Amino acid sequence: MVNAQIETVEDKEQLAHRAAQEFVHVANESISSRGRFTVALSGGSTPHRLYELLADETQPYRAQIAWRHTHFFWGDERCVSPDDPQSNFRTAFDALLSRAPVTDENIYRIEAERADANDAARDYERRLQTFFNLTDKEFPAFDLVLLGLGADGHTASLFPDSTAIKEQAHLVVATWVAKLNAHRITLTVPTINHARHIMFLVSGADKSEVVKQIFMREQSNEAALPAQLIGTETNAPRWIVDRSAAQLL
Ligand code: 6PG
């Protein structure tokens, strides 16, 4: 595990507040340096409270963000329609994007409802190349990529034993997840690792075993868990973990 920084917080609510503080910090630094903030949102349930806090007018975060310079992407998406409760877009839209002063043009949704998942992946890859003005060989530098962690060590939709975790050329791939009996669309490891800031948010006792595996595992010859592929020597991910998830460290 590259020299990741792990910060333990009391509970899920504190996790959301710390994540919101980091979100605001990276947004302000990005906009003052480059005139824009590009963030790839995470799916799953953990970031839901973060999204609510960012949009909440009674919290300090909303007023600190230059929303018109903030551009929203996703780290992964389920192959469902955008109004499906399982959709990562829908989770972020309901909790954040429909409540904060976000302009529609700044929302870059993965069109994962397409009949052909590979077509959806190629489309998103082309849209990233256009937005970030990339040649075919370059990767986008998101200012921030938010990530969750599955109990099996997956992150985004990079699952153990998948071909997706080996992909080094494409920015985005479609991947079949046998255990879920479903396709997913996901950013690849090199795309995530080119981000300026990578932040894992992990909560709950059900993640304590995998957190221990990730941080305590000797550099054995066992295959690294997908989450252990994230980060480089020069770009260590930040981990914000609540006490129940960190209890075995
Ligand atoms: C997804 C996410 C996935 C998620 C983890 C943790 O689409 O489900 O991208 O990687 O972050 O499975 O999910 P929870 O936050 O719900 O535990």
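This text follows the structure it describes.
So, a few notes on the structure that sits alongside this text. The structure presented is a predicted model; accordingly, all values stated were derived computationally and were not measured. (Residues numbered from 1 in each chain as written. Predicted model: local features only at pLDDT ≥ 70, side-chain atom pairs only at ≥ 80, totals over all residues. Heavy atoms only, no water.)

**Focus on the overall build of the protein**
So, point 1. Of regular secondary structure, the protein possesses 6 helices and 9 strands.
So, point 2. The globule rule puts the C-alpha radius of gyration for 249 residues at 18 Å, and the 17 Å found for the protein is close to it.
So, point 3. Each of the 249 residues in the protein was classed as buried or not, and the buried ones make up 55%.
So, point 4. Counting every atom, the protein has about 11,000 Å² of accessible surface; 47% of that belongs to carbon and sulfur. (Helix = DSSP H or I, 4+ residues; strand = E, 2+ residues; numbered from the N terminus. Rg over C-alpha atoms; globule rule 2.2 N^0.38 Å. Buried < 20%, exposed > 50% of the residue type's maximum accessible area, 1.4 Å probe, protein only. Areas by Shrake-Rupley, 256 points an atom, 1.4 Å probe, with all protein chains shown as cover.)

**Things to note about empty space enclosed by the protein**
Empty pockets left among the atoms are what a rolling probe the size of a water molecule brings to light.
So, point 1. Considering all chains together, one arrives at 1 cavity of 30 Å³ or more under this definition.
So, point 2. Counted as a void, the largest cavity has a volume near 40 Å³.
So, point 3. If you go around the largest cavity, the residues you meet are Lys12, Leu15, Ala16, Ala19, Thr46, Pro47, Leu50 and Leu201.
So, point 4. With 4 residues, helix H1 (residues 12-34) is the single largest residue contributor to the lining of the largest cavity. (1 Å grid on protein atoms, 1.4 Å probe; cavity = no way out; pocket = protein on both sides within 12 Å on 5 of 7 lines; lining within 4 Å. Points joined across faces, edges and corners; volume = space filled by probe spheres on them.)

**Side note on the pairing of strand E6 (residues 172-177)**
So, point 1. Most of E6 is tucked away, with 5 of its 6 residues classed as buried.
So, point 2. Pairing between E6 and strand E7 (residues 182-187): 6 bridges, direction antiparallel. Residue pairing for E7: Val172 is matched across the bridge by Leu187.
So, point 3. Once E6 ends, the chain turns through 4 residues before running back antiparallel as E7, passing Asn181 with a positive phi of about 50°. (Pairing = 2+ DSSP bridges.)

**Section: the site of the ligand**
So, point 1. For the ligand, the set of nearby residues contains 15 residues, the closest of which are Ser45, Thr46, Arg78, Ala156 and Lys207.
So, point 2. Within the side chain of Lys207, one N or O atom sits 2.6 Å away from an oxygen atom of the ligand.
So, point 3. For the ligand, whose accessible area on its own is 410 Å², the fraction buried by protein is 87%.
So, point 4. Given that more than half its atoms are within 2 Å of the pocket grid, the ligand belongs to the largest pocket.
So, point 5. Across the shell around the ligand, the residue classes tally to 2 nonpolar, 9 polar and 4 charged. (Near = heavy atom within 4 Å. Polar contact = N/O pair within 3.5 Å; in protein donor to acceptor, adjacent residues only side chain to side chain. Sits in = over half its atoms within 2 Å of the grid points. Nonpolar A, V, L, I, M, F, W, Y, C, P; charged D, E, K, R; others polar.)

**Here's the deal with the sheet that holds strand E2 (residues 37-41)**
So, point 1. Spatially, 6 strands are ordered E1-E9-E8-E5-E2-E3 in an open sheet, and the strand pairing comes out parallel. Only two strands of the sheet have a single neighbouring strand rather than two, namely strand E1 (5-9) and strand E3 (70-74). For this sheet, the mean inter-axis angle between neighbouring strands, taken without regard to orientation, is 20°.
So, point 2. Direction of pairing for strand E8 (residues 198-202) relative to strand E9 (residues 238-242): parallel, over a ladder of 4 bridges. The partner of Val202 across the bridge, within E9, is Val241.
So, point 3. Across the face of the sheet, helix H4 (residues 117-131) comes into contact with E2 and E3 while running at roughly 155° to E3. (Axes fitted to C-alpha atoms, helices over the stretch in contact; angles between N-to-C directions. Contact = heavy atoms within 4.5 Å.)

**Overview of the packing of aromatic side chains**
So, point 1. Going through the model one piece at a time under the given rule, you end up with 13 aromatic pairs.
So, point 2. Look at Phe23 and Phe37: their rings are 5.2 Å apart centre to centre, the planes differ by 90°, and that puts the pair in the edge-to-face class. Residue Phe23 is located in helix H1, and its partner Phe37 is located in strand E2; the two are separated by 14 residues in the primary sequence.
So, point 3. Under the relative-accessibility criterion, Phe23 is labelled buried at 1%.
So, point 4. When the ring of Phe131 is compared with that of Phe132, the centres are 5.0 Å apart and the planes differ by 70°; the resulting orientation is edge-to-face.
So, point 5. Since its relative accessible area comes to 17%, Phe131 is described here as buried.
So, point 6. A residue is classified by how much of its surface remains accessible, and Phe132, at 12% relative accessible area, is buried. (Phe/Tyr/Trp six-rings, centres within 6.5 Å; stacked < 30°, edge-to-face > 60°.)

**Section: the pattern of salt bridges**
So, point 1. Following the criterion strictly, the structure yields 18 salt bridges and no others.
So, point 2. In this structure, the salt-bridge partner of Arg18 is Glu22, at a minimum N-O distance of 3.2 Å. Highlighted residues: Arg18 and Glu22, both in helix H1, separated by 4 residues, approximately one helical turn.
So, point 3. Residue classification places Arg18 among the buried positions, given a relative accessible area of 18%.
So, point 4. When the shortest N-O distance is used, the salt bridge between Glu22 and Arg238 registers 3.5 Å. In this pair, Glu22 sits in helix H1 while Arg238 sits in strand E9, placing the two residues 216 residues apart along the sequence.
So, point 5. Here Glu22 falls in the buried class, since its relative accessible area comes to 12%.
So, point 6. On the accessibility criterion, Arg238 (24% relative accessible area) is partly exposed.
So, point 7. Residues joined in a network through salt bridges with shared partners are Glu111, Arg114, Asp119, Asp123 and Arg127. (Salt bridge = Lys/Arg side-chain N within 4 Å of Asp/Glu carboxyl O.)

Interpretation in functional terms is not warranted from these geometric data alone.
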